[in-house]
Amino acid sequence: MRKSSTTVQELPGSAAAAYRPTPPPAWQPRTDPAPLLPDPEPYRVLGTEAAAAADPELLLRLYAELVRGRRYNAQATALTKQGRLAVYPSTTGQEACEVGAALALEERDWLFPSYRDTLAAVARGLDPVQALTLLRGDWHTGYDPYEHRIAPLCTPLATQLPHAVGLAHAARLKGDDVVALAIIGDGGTSEGDFHEALNFAAVWNAPVVFLVQNNGFAISVPLAKQTAAPSLAHKAVGYGMPGRLVDGNDAVAVHEVLGEAVARARRGGGPTLIEAVTYRMDAHTNADDATRYREDSEVDVWRAHDPIQLLERELTERGLLDDDRRQSAAQAAEEMAADLRRRMNADPVLDPMDLFEHVYARQTTQLREQAALLRAELDAEEEAR
C-alpha cells in the first residue's frame, strides 16, 4: 500500500481551498519597518549647528573623562609591558563610546561590558584597579557586580547580551525602573548570542540598549568580511526594534543617542540597537600585531578624527576651555595613572582556596571534594617547611 504524502497543493479538502496564491494574514509584517531604519549617515553634533545647544557643563565633563580615559588606556598598556597585566584590550580612539555609555546611565541601571570595556566601568565609577583585576588573572572578577551595577567583564564574545536581556526583562516584570546597557564590538555581532539577545529583547519589549562599537576589525578581520548589511544598525529592523547610527568619536552625539535610547527603554518603549562608528587606534591587544592587516596611513586618517581633538575644538571655539582647564584635566589624569601604577606594582596576596569561592551560591559536592583535596595539599606543604 502506497504511503500518502501531503503537499501544499494536496491539503485535505478541495483543491481550490488548498491552493493559496498569497501568504495568509498571519504572515503579514507585524511592524512598519520605516521608523526602525537608521539614518543613512552617522548622527553628529560636533561641527554642526546642533553643537551650539549642547550643555557646557556636559561638554566639560565629557572632556575630563575623555582625557582621563586616554591616560588610563596608556597606563594599562604600559602595565602589560611590565608584566603586571596578562593582557589589555585598549580603547584608545574609542573613548567617546566608553564614556558616553557610562554617563548615559542612572545609578540604578546596569552596564554589561565586554572585555574591552574597562574604561566604561571606570567612567561609571569603578576603581581602576578593580576594573583590571580580571585581566591581571588574580580573581574571578575584581568587584561586586551587584554593588556597582556592572556585570563581570565578558571575555566570551556576546554572551553578556542575553544576560542583559534577562536582567532587563526581570526588572520589568518586577516593576523596577531599571535599564540595561550592553556593549559589544562589531566582531561580536557575528555570534549567535547577539541575534538571540536581540530577538528576545524585541519580543519581550525589554528595557535594554545594545551598543555596538564598530571599530573596524574583529581582531584582524575587517567588517566587510563579516557582513554585507548596509550597516550593523540595519540589523535591528529584522528583530523589530529601531536602529541608530552615530559617529562614535563624537562624544556629545554618542551621549545624546544613548541617553534617548535609555529614556525610551525606561518609559516602556523597548530595546534599541545603536552602532557607533569608531576606530581602534591600538592593536587588538598587546599580543596582536596590527601592522600585519592594516596600513599606518589608515590609522593616520582616523587620528585626524580623534574624539579628544573634536571636543577640544568645540570647547575652545566656545571659550569654554582655556590653558588652566586643559592643564587641570591632564593633571587629574596623571594622578589617576600614578595611583594605578603604584597599586598595580604591589604584589597581591593570593589564597588558592579562593578558586572555589563565588562559583556557585552553594558549593556542589564535586567542588567541596576538590577544595578539601587542595586544602590537604596546602597543609602538607606547610608542615613540610
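Calculation notes
- Residues numbered from 1 in each chain as written.
- Predicted model: local features only at pLDDT ≥ 70, side-chain atom pairs only at ≥ 80, totals over all residues.
- Heavy atoms only, no water.
- 1 Å grid on protein atoms, 1.4 Å probe; cavity = no way out; pocket = protein on both sides within 12 Å on 5 of 7 lines; lining within 4 Å.
- Points joined across faces, edges and corners; volume = space filled by probe spheres on them.
- Helix = DSSP H or I, 4+ residues; strand = E, 2+ residues; numbered from the N terminus.
- Nonpolar A, V, L, I, M, F, W, Y, C, P; charged D, E, K, R; others polar.
- Axes fitted to C-alpha atoms, helices over the stretch in contact; angles between N-to-C directions.
- Parallel < 35°, antiparallel > 145°, perpendicular 65-115°, else oblique.
- Left-handed = near helix turned anticlockwise from the far one by under 90°.
- Contact = heavy atoms within 4.5 Å.
- Salt bridge = Lys/Arg side-chain N within 4 Å of Asp/Glu carboxyl O.
- Buried < 20%, exposed > 50% of the residue type's maximum accessible area, 1.4 Å probe, protein only.
- Patch = residues over 30% accessible without salt bridge, like charges linked within 9 Å, V, L, I, M, F, W, Y side chains within 5 Å.
- Areas by Shrake-Rupley, 256 points an atom, 1.4 Å probe, with all protein chains shown as cover.
- Pairing = 2+ DSSP bridges.
- Phe/Tyr/Trp six-rings, centres within 6.5 Å; stacked < 30°, edge-to-face > 60°.
- Lys NZ or Arg CZ within 6 Å of the ring centre and 35° of its normal.

**Q** What exactly am I supposed to notice about the layout of surface pockets here?
**A** If you roll a probe as big as a water molecule over the atoms, it shows you where there is empty space left. Estimates place the volume of the largest pocket at around 260 Å³. Elements represented by at least two residues in the lining of the largest pocket include exactly strand S2 (180-185) and strand S4 (217-218). Broken down by class, the residue content of the lining of the largest pocket amounts to eight nonpolar, nine polar and three charged.

**Q** Quick question: what am I supposed to make of the packing of helix H7 (residues 160-174) against helix H8 (residues 192-204) here?
**A** When two helices pack together, their arrangement is given by the angle between the helix axes and by the axis-to-axis distance. Here H7 crosses H8 at 15°, and the two axes come no closer than 8 Å. Relative to H8, the element H7 lies roughly parallel. The way H7 lies across H8 gives a crossing that is left-handed. Where H7 abuts H8, its residues Leu161, Pro162, Val165, His169 and Arg172 lie against Asp193, Phe194, Ala197, Phe200, Ala201 and Trp204. Here the contact of H7 with H8 is composed, by residue class, of eight nonpolar, one polar and two charged.

**Q** Would you mind going over the pattern of salt bridges with me for this structure?
**A** Working definition: two side chains of opposite charge can pair if their charged atoms are close together. On inspection of all chains with the given rule, the structure shows 21 salt bridges. The residue arginine 44 makes a salt bridge to aspartate 247 at a minimum N-O spacing of 3.3 Å. One end of the pair, arginine 44, is in the loop between helix H1 (15-18) and helix H2 (56-81); the other, aspartate 247, is in strand S6 (residues 243-247), and 203 residues separate them in sequence. What makes arginine 44 partly exposed here is its relative accessible area of 38%. Across the pair arginine 266 and aspartate 177 runs a salt bridge, and its minimum N-O distance is 3.9 Å. Taken together, the residues arginine 266 in helix H9 (residues 251-266) and aspartate 177 in the loop between H7 and S2 connect sequence positions 89 residues apart. Salt bridges here are not isolated pairs; linked through shared partners, they connect Arg108, Asp109, Asp177 and Arg266.

**Q** Just checking my understanding: could you explain a nonpolar patch on the surface for this structure?
**A** There is a patch of nonpolar side chains on the surface, built from Phe200, Val203 and Trp204 and spanning about 310 Å² of accessible area. Mapped onto the elements, valine 203 comes out in helix H8.

**Q** Is there a simple way to explain the sheet that holds S6 in this structure?
**A** To summarise the sheet geometry, strands pair through backbone hydrogen bonds and adopt either a parallel or an antiparallel arrangement. One open sheet accounts for five strands, arranged S1-S2-S3-S7-S6; its pairing is parallel. The strands lining the two open edges of the sheet, one partner per strand, are strand S1 (110-112) and S6. Looking at each pair of strands side by side, their axes are set apart by 20° on average, direction ignored. Both strand S3 (residues 208-214) and strand S7 (residues 272-277) contribute to a ladder of six bridges, which runs parallel. Across the sheet, residue leucine 211 finds its bridge partner in S7, namely isoleucine 274. Here H7 sits on the sheet and contacts S1, S2 and S3; the angle it forms with S2, its principal contact strand, is near 170°.

**Q** Even after reading the chapter, I still don't get the packing of aromatic side chains, so can you show me in this structure?
**A** To describe a pair of aromatic rings, you give the distance between the ring centres and the angle between the ring planes. Throughout the structure, instances matching the rule amount to seven aromatic pairs. Centre to centre, the rings of phenylalanine 200 and tryptophan 204 are 4.8 Å apart; their planes meet at 35°, and the pair counts as tilted. Note that phenylalanine 200 and tryptophan 204 are positioned in helix H8 at a spacing of four residues, about one turn of the helix. Residue classification places phenylalanine 200 among the partly exposed residues on the basis of a relative accessible area of 43%. Among the aromatic residues, those joined into a cluster by ring pairs are Phe217, Tyr279, Tyr293 and Trp302. Lying across the ring of tyrosine 146, arginine 149 places its NZ or CZ 4.5 Å from the centre. Positioned over the ring face of tyrosine 43 is arginine 244, at 6.0 Å from the centre of the ring.

By themselves, these observations are geometric and do not establish any function.
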